[in-house]
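# Geometric and topological summary
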Amino acid sequence: MPEHYAPVKMEPLSGRRKVFNRSLHVLLYLCAAFTCILLVGIIGYIFYRGLPNITWKLLSTKPSYLSDSIGILPNLMSTLYLVVFTLLIVLPLGVGAAIYLTEYAKNRRLVAVIEFATETLTGIPSILFGLVGMLFFCQFCSLGTSLRAGAFTLVMMILPTIVRTTQESLKAVPQSYREGALGLGSGKWHMIRTVVLPCSTDGIVTGCILAVGRIVGESAALLFTAGLAHSLSGFFQALSTPGATLTVALYVYVTERGETDVGFAIAAILMILTLLINLAAGLIGRWLGKASHGRSA
């Protein structure tokens with residue numbers, strides 16, 4: 001029979017310890033409040049300065065030096081084209097690499113080397129990616145200054161984030177789920193597709209949201225690879241031509257032309273665009289998760 005132990009009585013805290021604990025609680029609350037106030041202040045100030053300057057003419061026209069008018073429609077379309085094209089490349093690569101590293105790779109030393117490489121790539125400044133992208137994609141691959149070169153450069157930047165977030169999400173799936181699916185006669189890939197991936201949808205969507213934020217907010221690398229043009233064309237034609245995204249346009253208008261009001265308007269549009277894309281990614285992730293669970297059931 002196991003021995004029974006009497007419950008340990010907790011000694012009351014001393015007055016000095018109580019003051020110390022309360023001080024730490026107050027400090028933590030102050031830190032959290034300061035973070036929230038800082039976020040609300042930045043967003044509120046950008047909307048306060050930017051929303052009054054957003055007009056239909058600004059959103060629906062091209063910039064013209066002859067009439068001295070400013071329009072950001074080409075920049076808005078270039079940003080959307082870049083987001084779509086980059087995600088079409090980086091999501092299959094990142095998710096596929098994470099699945100291989102987590103589910104298939106047997107050489108743990110190789111996996112450790114790849115994980116170290118991805119973590120190292122996440123810390124490299126974006127300006128260095130832009131320099132490498134200009135030398136490799138624009139010059140060596142003869143893509144020139146174009147949205148394609150900018151998208152391939154962003155793929156190099158975002159791929160480590162997609163791989164790591166997806167990999168951690170796959171690792172969080174309990175091993176018993178895999179063993180149960182295999183025990184019922186499921187194949188390796190069928191188990192991954194119907195059990196593991198639906199359970200890790202939230203992590204994949206999180207990586208997608210982080211990738212979209214990095215794409216929309218990037219400017220340094222795109223200055224070297226995508227260019228500063230304000231051209232307006234279709235999707236496939238735009239990929240082979242230079243194009244300035246919203247962040248690049250914000251940099252040009254504020255630093256070179258001194259259009260601070262236009263800069264705040266573009267900043268507000270960027271925040272709204274990022275919010276809408278993130279909401280859309282969340283809804284798609286929920287729909288995919290429900291559809292996958294429905295098929296597996």
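Residues numbered from 1 in each chain as written. Predicted model: local features only at pLDDT ≥ 70, side-chain atom pairs only at ≥ 80, totals over all residues. Heavy atoms only, no water.

### A closer look at the nonpolar core
As a reminder, the rule being used: The term nonpolar core refers to a set of buried residues drawn from Ala, Val, Leu, Ile, Met, Phe, Trp, Tyr and Cys, joined through side-chain atoms within 4.5 Å. Buried means the residue's accessible area, taken with a 1.4 Å probe over protein chains only, is under 20% of the maximum for its type, while exposed means over 50%, and partly exposed covers the values in between. Comment: elements are numbered from the N terminus, with helices defined as DSSP H or I runs of at least four residues and strands as E runs of at least two. In what follows, a contact means two residues having at least one pair of non-hydrogen atoms within 4.5 Å.
Counting residues in hydrophobic clusters, the biggest one holds 53 residues, and the most contacted among them are Leu87, Ile158, Leu246 and Ile266. Put simply, the parts of the chain that give this core at least two residues each are helix H3 (73-104), helix H6 (147-171), helix H8 (188-199), helix H9 (201-217), helix H10 (220-225), helix H11 (235-239), helix H12 (246-255) and helix H13 (260-296). Per element, the largest residue contribution to this core is ten residues, and it comes from H3. For Ile158, the residues in contact, after removing those within four places along its chain, are Thr86, Val90, Ala211, Arg214 and Ile215.

### Observations regarding a nonpolar patch on the surface
This is how the line gets drawn: Surface patches are defined over residues having more than 30% relative accessible area and no salt bridge, joining like charges when they lie within 9 Å and nonpolar side chains (Val, Leu, Ile, Met, Phe, Trp, Tyr) when within 5 Å. Areas reported as accessible are Shrake-Rupley estimates using a 1.4 Å probe. Residue values count occlusion only from the protein chains shown. Should a side-chain nitrogen of Lys or Arg be within 4 Å of a carboxyl oxygen of Asp or Glu, the pair is scored as a salt bridge.
Together, Ile127, Leu128, Leu223, Phe224, Leu228 and Tyr251 make up an exposed nonpolar region whose accessible area comes to about 490 Å². Mapped onto the secondary structure, Tyr251 falls in helix H12.

### Observations concerning the packing of aromatic side chains
Applicable threshold: Paired rings are identified among Phe, Tyr and Trp, the last through its six-membered ring, by centres lying within 6.5 Å, and are further divided according to the angle between planes into stacked (under 30 degrees), edge-to-face (over 60) and tilted (the rest).
Inspection of every chain in the model, using the stated rule, returns seven aromatic pairs. With a centroid separation of 5.5 Å and 20° between ring planes, the pair formed by Phe136 and Phe140 is classed as stacked. Pair noted here: Phe136 and Phe140 are both in helix H5 (residues 126-140), with a separation of four residues, about one helical turn. Judged by its relative accessible area of 40%, Phe136 is partly exposed. For the ring pair Phe137 and Phe152, a centre distance of 5.5 Å and an interplane angle of 35° mean the geometry is tilted. Taken together, the residues span a long stretch of sequence, with Phe137 in helix H5 and Phe152 in helix H6 at a distance of 15 residues. For Phe137, a relative accessible area of 11% puts it in the buried group.

### Observations regarding the pattern of salt bridges
Close approach of charged atoms allows side chains of opposite charge to pair. Going through the model one piece at a time under the given rule, you end up with seven salt bridges. The closest approach of N and O atoms between Arg178 and Glu103, which form a salt bridge, is 2.8 Å. Separated by 75 residues along the polypeptide, Arg178 in helix H7 (residues 175-183) and Glu103 in helix H3 bring together distant segments of the chain. By the burial criterion, Arg178 is buried, and Glu103 matches it. With a closest N to O distance of 3.4 Å, Glu115 and Lys171 form a salt bridge. Placement of Glu115 in helix H4 (residues 108-122) and of Lys171 in helix H6 is noted, with a sequence separation of 56 residues between them. Where salt bridges share partners, they join Glu115, Glu119, Arg164, Glu168 and Lys171 into one cluster.

### What about the packing of H7 against H8?
Packed helix pairs are specified by the crossing angle of their axes together with the interaxial distance, meaning the distance between the axes. Stated formally: Helix axes use the C-alpha atoms of the stretch in contact, all axes being lines fitted to C-alpha atoms, and the angles between their N-to-C directions lie in the range 0 to 180 degrees. Here a crossing is called left-handed whenever its near helix is offset anticlockwise from the far helix by less than a right angle, and right-handed whenever the offset is clockwise. Under the grouping applied here, Gly and all other residues not named as nonpolar or charged are polar, the nonpolar ones being Ala, Val, Leu, Ile, Met, Phe, Trp, Tyr, Cys and Pro and the charged ones Asp, Glu, Lys and Arg.
The geometry of H7 relative to H8 is characterised by a closest axis approach of 10 Å and an angle of 145° between their N-to-C directions. With respect to the hand of their crossing, H7 and H8 are arranged in right-handed fashion. Contact residues: H7 offers Tyr177, Arg178, Ala181 and Leu182, while H8 offers Lys188, Met191, Val195, Val196 and Cys199. Along the lines of polarity and charge, the residues of the contact of H7 with H8 split into seven nonpolar, no polar and two charged.

### Observations concerning the side chain of Ser233
Spelled out, the test is: Between N or O atoms, a polar contact is any pair within 3.5 Å; within protein, one atom must be a potential hydrogen donor and the other a potential acceptor, and residues adjacent in sequence are included only when both atoms are from side chains.
As for its position among the elements, Ser233 is in the loop between H10 and H11. Residue classification places Ser233 among the buried positions, given a relative accessible area of 19%. Engagement of the side chain of Ser233 in a polar contact is seen with the backbone nitrogen of Ala238, the distance being 3.5 Å. Those residues within four positions of Ser233 in sequence are excluded, and the remaining contacts are Tyr81, Ala238 and Thr241.

Purely geometric stuff here, so don't read any function into it on its own.
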